[in-house]
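Residues per chain are reported as follows:
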Amino acid sequence: MATKWVYTFEEGNAGMKNLLGGKGANLSEMTSIGLPVPPGFIITTEACLAYLAEGEQFPEGLWEQTVENMKKLGEKMGRQFGDSNDPLLMSVRSGARISMPGMMDTILNLGLNDQAVEALAERSGDPRFAWDAYRRLIQMFGGVVMNVRGERFEELITRIRNEQGVKTDPEVSAEGWKQVVGWFKNVVREETGQEFPQDAWEQLRLAVEAVFKSWNGKRAIDYRNATGIPHDLGTAVNVQTMVFGNVGWDSGSGVAFTRNPSTGEDDFFGEYLFNAQGEDVVSGARTPIEVHHLKEDLPEAWDTLQEIAETLEKHYREMQDIEFTIENKKLWMLQTRSGKRTAAAAVKIAVDMVNEGLISKEEAVERIEPGQIDQLLHPHFDIEAMEAANVLAKGLNASPGAAVGRVYFTADTAEEMAKAGQSVILVRPETTPDDVHGMLAARGILTQHGGATSHAAVVARQLGKPCVAGCEDIHIDMNRLQFMVDGTVVKEGDVISLDGASGRVYLGELPTVAPTFDEQPDLQQILEWADEIRRLGVWANADDPEQATRARNYGATGIGLCRTEHMFMGERTEKFQRGILAKQAGNEEEAQRVLDEELLPLQREDFYGIFKAMDGLPVIIRLLDPPLHEFLPPREELIAEVAAARARGEDVSEAEKLLSTVEDMAEFNPMLGLRGCRLGIMMPELNTMQVRAIFEAACDAALEGVDVHPEVMIPLTSHINELKEIQPLLESVAQQVMAEKNIEIKYKFGTMIEIPRAALTAGEIASMAEFFSFGTNDLTQMAFGISRDDAERKFLLSYVEKGILPVNPFQTIDPIGVGRLMEVAVQEGRAVRSDLEIGICGEHGGDPASIEFCHQLGLNYVSCSPYRVPVARLAAAHAALNEKGMPERPD
Ligand code: PEP
Ligand code: MG
């Protein structure tokens, strides 16, 4: 049987997104539930792929099926496409499986030509409408199919408005548009050497081809690269009978969300333009009015719209983003899809929908992307600083968040400057799909025109970037690359602050503050549901009581890594240095005194605070890990200092001693050198001091009634004999302290698995270690043989760009290499010790993809920075849900 390339709206449904694209599948679904959808049909994504694969040729049967469906549609509508005396007019729109705001290829009013426009004028009794529709066709067709630059048309529209002395398009007369049609045809001829095609069928064929080709256009490819959408899906083409929003003041076009996409409130939200076609709303060319005005202006249409919104939410069980047109008071639905929303809105809507009985808790959890949670904990401007600052301008609060950066006026410069390391704010009159690369590079986006559903606003929300849109206070001068507000001139490169939540713009840099978790009950609710679902524990890496408290507040149920070296930083470094110098100078007594009298009390105090903060929960404390030279000044610096002091005639003996110590300790590969347990073995007094401090603190806290669970972690083990050498000594210190304090507490000794050899001999290692913690930073470094400190600066990012590596392995675990080592370690370790506690404490512990991998490996927990704990809780729940196989999310 010949391939079926074309489906009518009656033949499709929402489950057919792969074949019909998102828009087409949802138009079909709306048709089937009886909503008012202008009839039409869909050319499949497979047809697009076949067209591209066959060297831009229609596959066999496609054109015939298109013509046949068009004729059937004509019979249904009572007028035929291509009949210049009574034309059936069509729209052609792209619609990929996953919505891509970077690819808005739409052509309206297809089927008009020099003769049909007269017929339309007569039939509608409104020549202004007919000529406006025709000029739109030439404009859109010229742009999308014939690649005529948009400015060529825009200039002429401005010209006719000026000539007629009017401000907006609907005020331009029929004669005016007729004149513009003539100009537009000339522009097409001048720019392309071809005539605008008069044959409706040729228009249709070329339009369909243009949509197919747009799949491989630069902006579509850029968008897919940036958002991770696969390149082999293809786009469907929706061919639909026209309804007209531009036939007078009881007509119009709107876009709306069934709930507020910024805040999540259950309030219909959107915009509307009288006497306009849909493109006018989305492009931001005219600033639309708030949709609630319809209630008074066109009450019947408003009521229908509310009913439809409710039907759609109940049907899809999801917030919808809809497009509609009103033609002479009658409402038509042109699109529905799951609405993009901010992180805050996503969380609120999910919680509300559970409470409304629309979705389950699992679905609510599944609907929040772990990455979105990050946005909620991101900084916003300090309220007091905002109040004290002068507001430079105010626009629409299109996408929340705080952004500070330098102003750039084109997407290309914004991208270039961001690449050069600047924080950038992209400022545009309005954005189009061609600006998406600049928006991706920018910290925030400011537009002069356009509403809350303009391109800038929609894309910014999706990207999670702060955006102020429709900021009519500013006047952009693209020639001088500056904008003016009253008397103030802001030039390219000047710094501004944007508050996407309020729509305010400030000159200069405003300070930001991190939002508090406590103020976000909906987020906490989602995370509590996530906790019920997940199997993986979420612990935190915390080095002091304050971090531990924050981690616990964010929901961590243990400390997976306390890096004790961080306790020797800052003003304590000097004490630590004195100890090292004494040791190197052979002054054992002084070295021991520094350890016992100066460092031990400090460590004990830190540990005590952490145990108290984590009352009832495990705390893994890692013994000193980095090479000692990290605590000493750099060699080059010392050489320069000694030389300078000598030149000034000063005594340099102390400085020289320090220099010679530093030189003694220098290693070619310090990360592979005297660090981790090697250091503990060579200088056991360091480790014994630490273990004493841990147990003194734990016993003191326990004596006060704190439920302590200390776990001592030995770093960088590569051979079982290392543990055999050091662990008994350390355990004897623990026993000794407990005897001194006259209290028994439960504890564990374990090790990090961060050297491939340790992973491969995990069975042996588990004979001593009661727990494993994967140090995937080092494990990745050593498995790849790539220096974690240098690689990203030198070549790693190029590797990712070139596709040599699929992702940066220091961010997301390499599952088949590093992951394989982990798998071996888990299996062999648990074979020897069935209750072996295994977690991960490298940076990967906060990365959702890596968390999923850890879930699959059956680890007990992931440990990450306190700020990432909420993300990890959610990601761990997603991993559990993915395993269960959740039903596909409706969108
Ligand atoms: C690791 O190597 O993954 C780890 C957590 O230790 P560090 O980053 O301190 O070397
Ligand atoms: Mg490490």
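All figures in this text were calculated on a predicted structure; none of them were measured in a lab.

J.: Would you mind showing me how to read the overall build of the protein here?
T.: For the protein, the helix and strand inventory stands at 35 helices and 31 strands. Across its three principal axes, the protein shows a C-alpha extent of roughly 105 × 70 × 50 Å. Here the protein holds 891 residues, and the buried ones make up 57% of them. Considering only contacts within the protein whose residues lie at least 6 apart along the sequence, 69% involve residues at least 24 apart. Carbon and sulfur atoms make up 48% of the accessible area of the protein, which totals about 36,200 Å². Here the protein carries 85 positive and 139 negative side-chain charges, and the mean point of each set is 2 Å from the other.

J.: Before we go on, may I ask you to explain the coordination of the magnesium ion (ligand 2) in this structure?
T.: Each pair of donors in an ideal octahedron of six around a metal sits at 90 or 180 degrees, and each pair in an ideal tetrahedron of four sits at 109.5 degrees. Bound to the magnesium ion (ligand 2) are the protein donor atoms Glu 754 (OE) and Asp 778 (OD), situated 2.0 to 2.1 Å from the metal. With Glu 754 in the loop between strand E28 (748–753) and helix H29 (756–760) and Asp 778 in helix H31 (residues 776–784), this pair connects stretches of sequence that are 24 residues apart. Of the two residues, Glu 754 and Asp 778, both sit in the buried class.

J.: Would you explain the sheet that holds strand E4 (residues 106–110) in this entry?
T.: Either a parallel or an antiparallel arrangement is found when strands of a sheet pair, and the pairing is made through backbone hydrogen bonds. Taken in spatial order, the five strands of this open sheet run E1-E2-E5-E3-E4, and their pairing is antiparallel. The open sheet has two edge strands, strand E1 (6–8) and E4, and neither has a second partner. Here the average twist between neighbouring strands, direction ignored, is 20°. As defined by bridge partners, strand E2 (residues 40–43) adjoins strand E5 (residues 235–241) across four bridges and the pair is classed as antiparallel. Bridging from a neighbouring strand, Ile 43 pairs with Val 237 of E5. This element, helix H3 (residues 62–77), spans E1, E2, strand E3 (90–96) and E5 of the sheet and lies at about 170° to E2.

J.: When you look at the nonpolar core in this model, what are you seeing that I'm missing?
T.: As a rule of thumb, nonpolar side chains are buried together in soluble globular proteins. Membership of the largest hydrophobic core comes to 131 residues, with the highest contact counts inside it found for Phe 611, Leu 628, Phe 695, Phe 774, Met 822 and Leu 859. With 11 residues, helix H27 (residues 684–703) is the single largest residue contributor to this core. Setting aside residues no more than four positions away along its own chain, Phe 695 makes contact with Pro 710, Val 712, Ala 734, Val 737, Met 738, Ile 745, Tyr 747 and Phe 749. Ala 50, Leu 73, Val 145 and Trp 215 belong to the second largest nonpolar core, which has 71 residues in total.

J.: Sorry, what's going on with the sheet that holds strand E18 (residues 475–477) here?
T.: In spatial order, the strands read E18-E19-E20; together these three strands make up an open sheet with antiparallel pairing. Here the strands that pair on one side only, and so sit at the sheet edges, are E18 and strand E20 (488–491). Recorded for the sheet is a direction-independent mean angle of 25° between the axes of neighbouring strands.

J.: Is there a simple way to think about helix H8 (residues 200–214) in this case?
T.: The periodicity of an α-helix, 3.6 residues per turn, causes residues three or four places apart in sequence to face the same way. Along its 15 residues, H8 runs 21 Å from first to last C-alpha, staying within 8% of the 21 Å computed at 1.5 Å per residue. Listed as buried for H8 are Ala 200, Gln 203, Leu 204, Ala 207, Val 208, Glu 209, Ala 210, Val 211, Phe 212 and Ser 214.

J.: Mind showing me how you'd approach empty space enclosed by the protein here?
T.: Empty space left among the atoms is revealed by rolling a probe the size of a water molecule over them. For the coordinates displayed, the defined rule picks out three cavities of 30 Å³ or more. In this model, the largest cavity occupies a volume close to 120 Å³. Lining the largest cavity are Phe 576, Gly 579, Ile 580, Lys 583, Ala 591, Val 594, Leu 595, Leu 599, Leu 628, Met 683, Glu 685 and Leu 686. Looking at the lining of the largest cavity, the elements that each hand over two or more residues are helix H22 (573–584), helix H23 (588–613) and H27. When its residues are assigned to classes, the lining of the largest cavity shows nine nonpolar, one polar and two charged. Approximately 100 Å³ is the volume found for the second largest cavity. If you trace the second largest cavity, you find 13 residues lining it, with Arg 93, Leu 108, Met 242, Val 243 and Leu 334 closest to the centre.

J.: Explain the side chain of Ser 850 here, please?
T.: In this structure, Ser 850 sits in helix H34 (residues 848–857). On the basis of relative accessibility, which here comes to 1%, the residue Ser 850 falls in the buried class. Separated by 3.0 Å, the side chain of Ser 850 and the backbone nitrogen of Ile 813 make a polar contact. In terms of polar contacts, Ser 850 uses its side chain to reach the side chain of Asp 847, at 2.5 Å.

J.: When you look at helix H7 (residues 174–192) in this model, what are you seeing that I'm missing?
T.: Between its first and last C-alpha, H7 extends 27 Å over 19 residues, near the 27 Å set by a 1.5 Å rise per residue. Its buried side turned inward, H7 meets helix H4 (114–124), helix H5 (127–144) and helix H6 (150–164). Looking one or two residues past H7, Gly 193 carries a phi angle of roughly 75°, positive in sign.

J.: Help me out: how do you make sense of the packing of H5 against H8 in this one?
T.: When two helices pack together, you describe them by how their axes are tilted relative to each other and by the distance separating the axes. Running from N to C, H5 and H8 cross one another at 45°; their axes reach a closest spacing of 10 Å. Of the possible angle classes, the one that applies to H5 and H8 is oblique. Handedness of the crossing formed by H5 with H8: left-handed. Every residue of H8 that contacts H5 at Leu 137, Phe 141 and Val 144 is listed here: Gln 203, Leu 206, Ala 207 and Ala 210.

J.: Hey, could you run me through the environment of Leu 628 in this one?
T.: Structurally, the position occupied by Leu 628 is in the loop between strand E26 (618–622) and helix H24 (635–647). Leu 628 gets classed as buried once you look at its relative accessible area, which sits at 7%. Expressed as a C-alpha distance, the spacing of Leu 628 and Val 145, which sit 483 residues apart in the sequence, is 66 Å.

Cut-off values and rules
In every chain, residue numbers begin from 1 and rise along the written sequence. Numbering of ligands from 1 and lettering of chains from A proceed in the order in which they are written. pLDDT decides what is reported in this predicted model: residues at 70 or higher carry local features, side-chain atom pairs at 80 or more are listed and counted, and totals for whole chains, interfaces and linings draw on all residues regardless. Each side-chain value is derived from all of the structure's non-hydrogen atoms; neither hydrogens nor water enter the calculation. Where helices and strands are cited, they refer to DSSP runs of H or I of at least four residues and of E of at least two residues respectively, numbered from the N terminus. Only protein chains enter the accessibility calculation, which uses a 1.4 Å probe; a residue whose area is less than 20% of its type maximum is buried, one above 50% is exposed, and one in between is partly exposed. Contacts are assigned to residue pairs that have any heavy atoms within 4.5 Å of one another. What sets the accessible areas is the Shrake-Rupley method with a 1.4 Å probe; for residues, cover comes only from the shown protein chains. We score Asp and Glu as negative and Lys and Arg as positive, and we do not count His or the chain ends. To locate a charge, the coordinates of NZ of Lys, CZ of Arg, CG of Asp or CD of Glu are taken. Here the coordinating atoms are restricted to nitrogen, oxygen and sulfur within 2.8 Å of the metal centre, or 3.2 Å for Na, K and Ca, and because water is not among them the sites may look incomplete. Strands are labelled as partners when DSSP assigns at least two bridges between them. Lines are fitted to the C-alpha atoms to define the axes, a helix being fitted only along its stretch in contact, and any angle between axes, read from their N-to-C directions, falls within 0 to 180 degrees. Put simply, buried Ala, Val, Leu, Ile, Met, Phe, Trp, Tyr and Cys residues joined by side-chain atoms within 4.5 Å make one nonpolar core. Expected helix span is given by 1.5 Å per residue-to-residue step, counting one fewer step than there are residues. Only protein atoms enter the 1 Å grid used here, on which a cavity is any set of points holding a 1.4 Å probe that cannot leave and a pocket is any open set flanked by protein within 12 Å on both sides along at least five of seven lines; residues with an atom within 4 Å of a point are listed as lining. Grid points are joined across faces, edges and corners, and a volume is the space filled by probe spheres set on the points. Residues are grouped as follows: Ala, Val, Leu, Ile, Met, Phe, Trp, Tyr, Cys and Pro are nonpolar; Asp, Glu, Lys and Arg are charged; all remaining types, including Gly, are polar. Under the rule applied, a polar contact is a pair of N or O atoms within 3.5 Å (in protein, one hydrogen donor and one hydrogen acceptor; residues adjacent in sequence only if both atoms are side-chain atoms). Relative orientations are named as follows: roughly parallel for angles under 35 degrees, roughly antiparallel for angles over 145 degrees, roughly perpendicular for angles from 65 to 115 degrees, and oblique for any other angle. Two helices that cross are described as forming a left-handed crossing if the nearer one is turned anticlockwise from the farther one by less than a right angle, and a right-handed crossing if clockwise.

Taken by themselves, the reported measurements are silent on function.
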